[in-house]
Amino acid sequence: MSLRDLVLCTALCASLNACSTLPSAGVKDADPLGKALATTESLDAARSPASVNTPPISAHVTEEVVVAWQEQAGGFKNRTPMLVQHGGQTYRLTATAPADIQIDELVPVVPQEKRKLANPVLRPGVGTPFVAHWFSTEERRKTHPFLSEVGYLHPVTVTLAFGPPSPAGREVRLVVHDVRREETAVVSGKRQPLAADFSAPGEWILQAVSTRKDLGMSGFGAMRNSAKYLDKMGLFGLEPPAPDRVPVIFVHGLMSRPLTWQNAFNELTADPVIRKKYQIFFFRYPSGVPVAFSAKNLRSELAGLHDELHRLGNDKAADHMVLIGHSMGGLLSKMQLVRSGDRLWMNILGDTPDKLKLSPQEREAFKPYMEFEPNSHVDRVIFVCTPHQGSKMAQGLAGAIGRGVISLPGRILGSTYDLIQGDGPDNPMMKKFLGKGIPSSIENLNPESRFVKTSTQLELKPGLHIHSIVGNRDGRLLTDPKCSDGVVPYTSAHLPNVESELVVNADHGAHAKAEAIAEIRRILLLHLKTISYR
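Remember, predicted model here, so these are calculated numbers, not experimental data. (Residues numbered from 1 in each chain as written. Predicted model: local features only at pLDDT ≥ 70, side-chain atom pairs only at ≥ 80, totals over all residues. Heavy atoms only, no water.)

Enquirer: Describe the overall build of the protein chain, with residues and values.
Expert: In terms of regular secondary structure, the protein chain is built from 21 helices and 18 strands. In the protein chain, which comprises 534 residues, the proportion classed as buried is 52%. Here the analysis covers contacts within the protein chain between residues at least 6 apart in sequence; of these, 76% occur between residues at least 24 apart. Of the roughly 24300 Å² of accessible surface on the protein chain, a fraction of 54% belongs to carbon and sulfur atoms. (Helix = DSSP H or I, 4+ residues; strand = E, 2+ residues; numbered from the N terminus. Buried < 20%, exposed > 50% of the residue type's maximum accessible area, 1.4 Å probe, protein only. Contact = heavy atoms within 4.5 Å. Areas by Shrake-Rupley, 256 points an atom, 1.4 Å probe, with all protein chains shown as cover.)

Enquirer: Which residues make up helix α14 (residues 360-370), and what are the values?
Expert: Of all the residues in α14, the buried ones are Glu 362, Ala 365, Phe 366, Tyr 369 and Met 370. Looking down the long axis of α14, one finds its buried residues gathered within 125 degrees of arc, a one-sided arrangement. Away from its buried face, by an angle of more than 90 degrees, α14 presents the exposed residues Pro 360, Gln 361 and Glu 364. (Arc of directions from axis to C-beta.)

Enquirer: Help me get a handle on the sheet that holds strand β17 (residues 465-471), residues and values and all.
Expert: With respect to topology, 7 strands assemble into an open sheet ordered β12-β14-β13-β15-β16-β17-β18, the strand pairing being mixed. Edge positions in the open sheet fall to β12 (234-237) and β18 (500-504), since each of these has one partner strand only. Shown here is a sheet whose adjacent strand axes are inclined to one another by a mean of 20 degrees, direction ignored. When β12 meets strand β14 (residues 278-284), the two strands line up antiparallel, connected through 4 bridges. Looking at the pairing, Gly 234 lines up with Arg 284 of β14. Along the sheet, helix α21 (residues 514-530) makes contact with β13 (246-251), β14, β15 (321-326), β16 (378-384), β17 and β18, crossing β18 at roughly 165 degrees. (Pairing = 2+ DSSP bridges. Axes fitted to C-alpha atoms, helices over the stretch in contact; angles between N-to-C directions.)

Enquirer: Describe the environment of Phe 372, with residues and values.
Expert: Turning to its location among the elements, Phe 372 is positioned in the loop between α14 and β16. When near neighbours in sequence (up to four residues on either side) are disregarded, Phe 372 contacts Arg 299, Met 335, Val 338, Arg 339, Ser 340 and Leu 344.

Enquirer: Run through the pairing of β16, naming residues and quoting values.
Expert: Most of β16 sits out of view: 7 of its 7 residues are buried. Across 6 bridges, the pairing between β15 and β16 is parallel. For Gly 325, the partnering residue across the bridge sits in β16 and is Phe 383. Pairing analysis gives 5 bridges linking β16 to β17, with the strands arranged parallel.

This is the structure we're talking about:
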């Protein structure tokens, strides 16, 4: 036989063999997936029923199975059973997941050596942790108002279960577990602790924002050029609003962004009660805009969240929200919990609306910023390094530099801007106020500003549970006028008659310190007892 004939014969035999062994058109002769399944099968067979922990290689190979399967299936959302052949063995792979977790893809967790969070929250056990990722699209954001550009991220764990061999192929079940609700799983015929990586979503975000400019927001950039980031203002969560968990809303401060809460978010999930009973949301805003503007938007977002929770039947939890504000974020939070009356009209614009001779259109344009009632659905607030009396830094060189770099878009006030651009009302005080332009957030922090002087007169609503966490950078006596976190003096951060006040030996970044996070945890656990939420 010639070399040419030998080659043709070999090719023909290979072709006939392939036709005889592939059961149907749905079969994938995928070497990576087939090899991974075969390896995992052998490990599963060799594992002792009494073993509690899966050998490390099993987790690695399970990851290979998931990745290879998703590449062929086009992501996790295509869960059609797949036939895979390898080494004469046919596998019938089926994937299942909890109905309330939305998944487009399962993403392998970030390797430990590449992690950014200092204290990973892990639970040992069987299975392989992943991040369940549901993509953010413009179309989805129309019906999911709390979906940010990172999408929804959920910590899950995958287990593989092999059925007995059969002529139709050996059954392989790829099972996605919700590790927040499930602590054990049946593997190799025995119920065992289920592995979990609760830090995985946070690590995914930290890795993503470091490489993709379309994700997240620059803290300084958003203060300096608020117009560029106005579309990122809003309330968002890493999961859809839940029908059975209490909302906690984190509000960042000046020249900051939601990532400032990364340590708190990560370490609070270490508590099994908190991760089961609470759902954390973040309010993001470009911090150069006036406090009243951001506060008005937070007010609208909280109303929308309450409506959605009410629709889901989560009335009890929805009526006991918790606000946690750092620095200027504390002022935004405070503005949700006071009654304005006519004091903002009087102190900022000079008189009541009727005396200002405002037209109905003008009054309606200013009203959301000047008139509001305390939010009846928030009954606990934690102020962290909050300048209730302002900060003298806003008066000095740092404040002057800050005011100099901030560029405010005129249309942040919507239809109110149109009034400013026109002739305006006849009232001299109104003209004087509008003639100065829109005040920046730094001007709002000046102890001599109308905003600070007015906001200090607004009392927090009766019955509200109030807590303070205050930084004391140099460990001074609290009676020392120089006692400060380096930005906010103790006299400004201190509130009388609060339920608790913790002074932390820390600078203005006290919210990221272990002692402060432990205090937040204590308060959240207390809150559950107070509202009798089980």
